[in-house]
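These are the residues of each chain, in order.
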Amino acid sequence: MYNDLFTIGGVTVHGYGLMIAIGIIAAYTMADYRAKLQGINRDKLYILTIWAAVLGILGAKVLYLITIAPKIAVDPSLILKDFASGFVVYGGIIGGLFGGIAVARVIGMPVLRTFDLCMPSIALAQGFGRIGCLLAGCCFGMEYSGPGAIVFSHSDFAPNGVSLFPSEPVYAILNFVHCLILLVAFRKLKKVPGRTGSLYLILYSIGRFMMEFVRGDAIRGSVGVLSTSQFIAIFILILGAFAYAFAPKLAKFDLPLEEEPKM
């Protein structure tokens, strides 16, 4: 796969960055449409999207730097080298989620309903992001010669010329399916604000924990016998389960909708 897609006027368009941009646009478009139906202020949603995207990208970068902290201790210049590459998805989720919740509260949005609104869109954006991973060759799978195996020839991250498990396409499919599950589940869970968003945390953490077994990029670090992402997944799963269980009580303290739902 080629991450450098084309160059115009000295500016190179990278596949990973392009997919991230497409994912953000697709996510916002879907959330904006659903916000109109659910009576959530769309102007405030736009502000929230900008902040959540910035905080998510920042969180993804910070967690990546944490995973390579030993190398940074030896060579601090790594912080500035290739600053546009090197991100950890979990950092993006944590930064975007908690930053988004804080921003929603500050601008007067109903936090739990906004949480439910945004999480299917997050799953959609992640699906496009994983296509970007495929183009860049990052987040590659372990050595594998079965059906669907991928062999990179021009990657700066994955080992070239080696048959690998197609982790990036599988991730992308899982995220798109994840989005559909949340959209369908919302129809039944919308009476209890917060449960659709909590379901995202539960499903994503389980899927990520399992997918880590077929990853081949050990650079992301480990905690004991678990990868860093598996370790974080356990806490995300617990958080999601608690949020799901206590959503009815938390809903009592949430702000009301500004408009009547149209669905």
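Residues numbered from 1 in each chain as written. Predicted model: local features only at pLDDT ≥ 70, side-chain atom pairs only at ≥ 80, totals over all residues. Heavy atoms only, no water.

1. Describing the overall build of the chain
Then comes step 1: The helix and strand tally for the chain stands at eight helices and six strands.
Then comes step 2: Computed over the C-alpha atoms, the radius of gyration of the chain is 19 Å, within 12% of the 18 Å expected from 2.2 N^0.38 for a compact globule of 263 residues.
Then comes step 3: C-alpha atoms of the chain, sized along the principal axes, occupy 55 × 45 × 40 Å.
Then comes step 4: Counting over 263 residues, the chain shows a buried share of 43%.
Then comes step 5: For the chain, contacts bridging at least 24 residues in sequence account for 68% of all contacts bridging at least 6.
Then comes step 6: When the accessible area of the chain is evaluated, it comes to approximately 13700 Å², of which 72% is carbon and sulfur surface.
Then comes step 7: Mean positive and mean negative side-chain charge positions of the chain (21 and 15 charges, respectively) differ by 11 Å. (Helix = DSSP H or I, 4+ residues; strand = E, 2+ residues; numbered from the N terminus. Rg over C-alpha atoms; globule rule 2.2 N^0.38 Å. Buried < 20%, exposed > 50% of the residue type's maximum accessible area, 1.4 Å probe, protein only. Contact = heavy atoms within 4.5 Å. Areas by Shrake-Rupley, 256 points an atom, 1.4 Å probe, with all protein chains shown as cover. Lys, Arg positive; Asp, Glu negative; His and termini not counted. Charge placed at Lys NZ, Arg CZ, Asp CG, Glu CD.)

2. Structural notes on the nonpolar core
Then comes step 1: In this structure, Tyr90, Tyr200 and Leu201 are the most contacted members of the largest nonpolar core, which totals 21 residues.
Then comes step 2: Those elements that place two or more of their residues in this core are helix H4 (89-106), helix H5 (111-136), helix H6 (167-189), helix H7 (195-211) and helix H8 (228-251).
Then comes step 3: Filtering out sequence-adjacent residues up to four positions away, Leu201 remains in contact with Leu97, Phe115, Ile236, Leu239 and Gly240. (Core = buried A, V, L, I, M, F, W, Y, C linked by side-chain atoms within 4.5 Å.)

3. Observations regarding the UniProt feature "binding site: a 1,2-diacyl-sn-glycero-3-phospho-(1'-sn-glycerol)" (unreviewed entry) in the chain
Then comes step 1: Under the UniProt annotation, "binding site: a 1,2-diacyl-sn-glycero-3-phospho-(1'-sn-glycerol)" (unreviewed entry) lies at Arg130.
Then comes step 2: On the secondary structure map, Arg130 appears in helix H5.
Then comes step 3: Residues in contact with Arg130, not counting those within four places in the same chain, are Val89, Cys139, Glu168, Tyr171, Ala172, Asn175, Tyr204 and Arg208. (UniProt positions renumbered as here; feature names shortened; annotations may be inferred.)

4. Overview of the environment of Ile68
Then comes step 1: One can find Ile68 in the loop between helix H2 (42-67) and helix H3 (69-74).
Then comes step 2: Since its relative accessible area comes to 8%, Ile68 is described here as buried.
Then comes step 3: In the structure, Ile68 is positioned ten residues away from Leu78 in sequence and 9.1 Å away in space, judged by C-alpha atoms.

5. Some thoughts on the pattern of salt bridges
Then comes step 1: For the structure on display, the rule yields four salt bridges.
Then comes step 2: A salt bridge links Arg42 to Asp32; the shortest N-O distance between them is 2.9 Å. Of this pair, Arg42 sits in helix H2 while Asp32 sits in helix H1 (residues 15-38), and the two are ten residues apart along the sequence.
Then comes step 3: For Arg215, the salt bridge is made with Glu212, and the minimal N-O distance between the two is 3.3 Å. No difference in accessibility class separates Arg215 from Glu212, as the two residues are buried.
Then comes step 4: Several salt bridges converge on common partners, so that one network encompasses Arg208, Glu212, Arg215 and Asp217. (Salt bridge = Lys/Arg side-chain N within 4 Å of Asp/Glu carboxyl O.)

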